[in-house]
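# Descriptive analysis of the structure
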Amino acid sequence: FLKKTILFISTMPSSSWGGSEELWVATALQAISQGYKVIVSVPYDTFIHEKIKQLESSGCILELIKTKRNKNLIKKIFNKINRIRSGFSNIPQHYYEYFKKIKSHNPDCICVNQSGAFDVIHEIHHEILWIIKELRIPYFLINHFNHEHYSYKYFLIERIRILVSNATKVYFVSQRNLDVAKRQIAMREFNNYEVIKNPCKIKLSSPIKMPNLDKICFASIARLHCNTKGQDILFEILAMPKWEQRNWFLNLYGEGE
């Protein structure tokens, strides 16, 4: 009896790491522990993050998505001839190379982890969208961050509707992200979604007791990036008159811009 092969694709670059990666990585490791063959694919930009290297050393097969294109004219012509012979004459070379590598592993299903909602419909990730279309195997989507006020152009809305409708399951990490997505693509309801929770590394057997302090101490644990984490909104609130009159202290934990 042979265990199935699962292909995990993340839109997060190979040099980066965020909270969006914890869920699929834990799933991949769980699959390996149960005897599944696991293929991991991420966009390669400058270097491979230590967490990805650890994943590879645990038994995952790593296939990187090249972000730099071949500019050699002779190689382009040679590769074009090969694509014509293989029946893929109308696709870019980097799509074809990626497709050949992934197909050689014969995956049974695809799990696409998107750090943002519906990343794969944007041009920068079209290799992933093309793989989903060409392999014609069951696929799962995980959506993490979603812009509250982002609106898609209509032709992209049509693409997202098709992508969502054909997926085996579409996962959201919060109810709010799901509600925003429904509004963005003008679909009141679709049946193949599920709201799940990202894993929490803090393990507590019971709640921590509130310390008896005269000063209220807050902690903001997030990447230092106002556009996505909203520290500017937090500062604006704490600058209100009622908070100026209160005894408090705020600690920021995180890295970023």
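Looking now at the side chain of Lys182. With respect to the element layout, Lys182 can be found in helix α7 (residues 175–184). Not counting residues within four places of it along the chain, the set of residues in contact with Lys182 comprises Met187, Arg188, Glu189, Phe190 and Tyr193.

Let's shift gears to the sheet that holds strand β1 (residues 5–10). Here we have seven strands laid out as an open sheet, ordered β4-β2-β1-β6-β7-β8-β9, and parallel in their pairing. Lying at the two open borders of the sheet, with one neighbouring strand each, are β4 (61–62) and β9 (193–195). The sheet contact formed by β1 and strand β6 (residues 109–116) spans five bridges and is parallel. Residue Ser10 lies in a different strand from β6, and its bridge partner there is Asn113. Sheet strands touched by helix α1 (residues 20–33): β1, β2 (37–41), β6 and β7 (139–145). Its angle to β1, the strand with the most contacts, is close to 165 degrees.

A cluster of nonpolar residues, Ile202, Leu204 and Ile208, forms a patch on the protein surface that exposes about 360 Å² of accessible area. Mapped onto the elements of the fold, Ile202 is located in the loop between β9 and β10 (216–221).

Quick look at unusual backbone geometry now. For Phe118, which is not a glycine, the phi torsion comes out positive at approximately 55 degrees. Tracing the sequence through the fold places Phe118 in the loop between β6 and α5 (126–135). The backbone phi angle of Ala186 is positive, close to 55 degrees, even though this residue is not glycine. Mapped onto the secondary structure, Ala186 falls in the loop between α7 and β9. By relative accessible area, which is 55% here, Ala186 ends up exposed.

Another aspect to go through is the pairing of strand β8 (residues 169–172). Sheet analysis places β7 next to β8, joined by four bridges and oriented parallel. Its bridge partner being in β8, Leu141 is matched across the sheet by Val170. As a crossover connection, the stretch from β7 through helix α6 (residues 154–166) into β8 is right-handed. Of the strand pairs in this sheet, β8 and β9 are connected by three bridges, and their pairing is parallel. Looking across to β9, one finds that Phe172 is bridged to Val195. Assessed by its sense of winding, the connection that carries the chain from β8 through α7 to β9 is right-handed.

Counted by the stated rule, this structure contains zero disulfides. Considering cysteine sulfurs only, Cys109 is the nearest to Cys111, which forms no disulfide, with 7.8 Å between them. Residue classification places Cys111 among the buried positions, given a relative accessible area of 11%.

Residue position: Gln184 is located in helix α7. A relative accessible area of 6% places Gln184 in the buried class.

As enumerated under the stated definition, the model contains five aromatic pairs in all. Where Phe218 meets Trp243, the ring centres are 5.7 Å apart and the plane angle is 70 degrees; that geometry is what we call edge-to-face. Note that Phe218 is positioned in strand β10 and Trp243 in helix α10 (residues 241–244), a separation of 25 residues in sequence. Residue Trp243 is classed as buried on the basis of its relative accessible area, which comes to 16%. The ring of Trp243 carries Arg246 above its face, with NZ or CZ at 4.4 Å from the centroid.

The next subject is the environment of Gln231. Within the element layout of this structure, Gln231 appears in helix α9 (residues 231–238). Spatially, the C-alpha atoms of Gln231 and Ser220 are 8.3 Å apart, while their sequence positions differ by 11 residues. When neighbours within four sequence positions are excluded, Gln231 is seen to be in contact with Ala222, Arg223, Leu224, His225 and Cys226.

Rules used throughout
Residues numbered from 1 in each chain as written. Predicted model: local features only at pLDDT ≥ 70, side-chain atom pairs only at ≥ 80, totals over all residues. Heavy atoms only, no water. Helix = DSSP H or I, 4+ residues; strand = E, 2+ residues; numbered from the N terminus. Contact = heavy atoms within 4.5 Å. Pairing = 2+ DSSP bridges. Axes fitted to C-alpha atoms, helices over the stretch in contact; angles between N-to-C directions. Patch = residues over 30% accessible without salt bridge, like charges linked within 9 Å, V, L, I, M, F, W, Y side chains within 5 Å. Areas by Shrake-Rupley, 256 points an atom, 1.4 Å probe, with all protein chains shown as cover. Salt bridge = Lys/Arg side-chain N within 4 Å of Asp/Glu carboxyl O. Buried < 20%, exposed > 50% of the residue type's maximum accessible area, 1.4 Å probe, protein only. Right-handed = clockwise from strand over helix to strand, strands pointing away. Disulfide = S-S within 2.5 Å. Phe/Tyr/Trp six-rings, centres within 6.5 Å; stacked < 30°, edge-to-face > 60°. Lys NZ or Arg CZ within 6 Å of the ring centre and 35° of its normal.

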